[in-house]
Amino acid sequence: MARFEMLEDGFGAMGATAQADILFELGMMYATGRDCETDVVAAHKWFNIAAIKGSLRAAELRSELSATMSKVEIATALREAREWMTMH
């Protein structure tokens, strides 16, 4: 998986919004299978991180996606999001 370097220094709210948009797009990529295999766990992970960064649309889609996922899938996605947030 590609690693994105997202720097907010000097950008303030604009940087946070841009970062949330990029993370939202990663969620959309995995949710729809655009340029990759569809992966609901990865989609949930990226939507969750985008929601934490302020994307309301990501929060809505994360909720919709959760309704189709098993508890194990959701737990995995949440763990992966937490690990990503810890590292970045």
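Just so it is clear, the model here is predicted, and its values are computed rather than measured. (Residues numbered from 1 in each chain as written. Predicted model: local features only at pLDDT ≥ 70, side-chain atom pairs only at ≥ 80, totals over all residues. Heavy atoms only, no water.)

A. Quick peek at the overall build of the protein. If you tally the helices and strands in the protein, you get four helices and zero strands. Counting across all 88 residues of the protein, residues that qualify as buried make up 34%. Taking as baseline every contact in the protein between residues at least 6 positions apart, the subset at least 24 positions apart corresponds to 51%. Accessible surface computed for the protein: about 5,600 Å², of which carbon and sulfur atoms make up 57%. (Helix = DSSP H or I, 4+ residues; strand = E, 2+ residues; numbered from the N terminus. Buried < 20%, exposed > 50% of the residue type's maximum accessible area, 1.4 Å probe, protein only. Contact = heavy atoms within 4.5 Å. Areas by Shrake-Rupley, 256 points an atom, 1.4 Å probe, with all protein chains shown as cover.)

B. Here's a closer look at the packing of aromatic side chains. Applying the stated criterion to the full structure yields two aromatic pairs. The interplanar angle of 40° and the centroid separation of 5.7 Å between the aromatic rings of F24 and F47 together place this pair among those described as tilted. Within this pair, whereas F24 is found in helix α1 (residues 12-32), its partner F47 is found in helix α2 (residues 40-52), the two being separated by 23 residues in sequence. Judged by relative accessible area, F24 falls into the buried class, the value being 15%. Judged by relative accessible area, F47 falls into the buried class, the value being 2%. Summarising the aromatic geometry, the rings of W46 and W84 are spaced 5.4 Å apart at their centres and angled 75° between planes, so their arrangement reads as edge-to-face. Of this pair, W46 sits in helix α2 while W84 sits in helix α4 (residues 71-87), placing them 38 residues apart in sequence. For the residue pair W46 and W84, the accessibility class agrees, reading buried in each case. (Phe/Tyr/Trp six-rings, centres within 6.5 Å; stacked < 30°, edge-to-face > 60°.)

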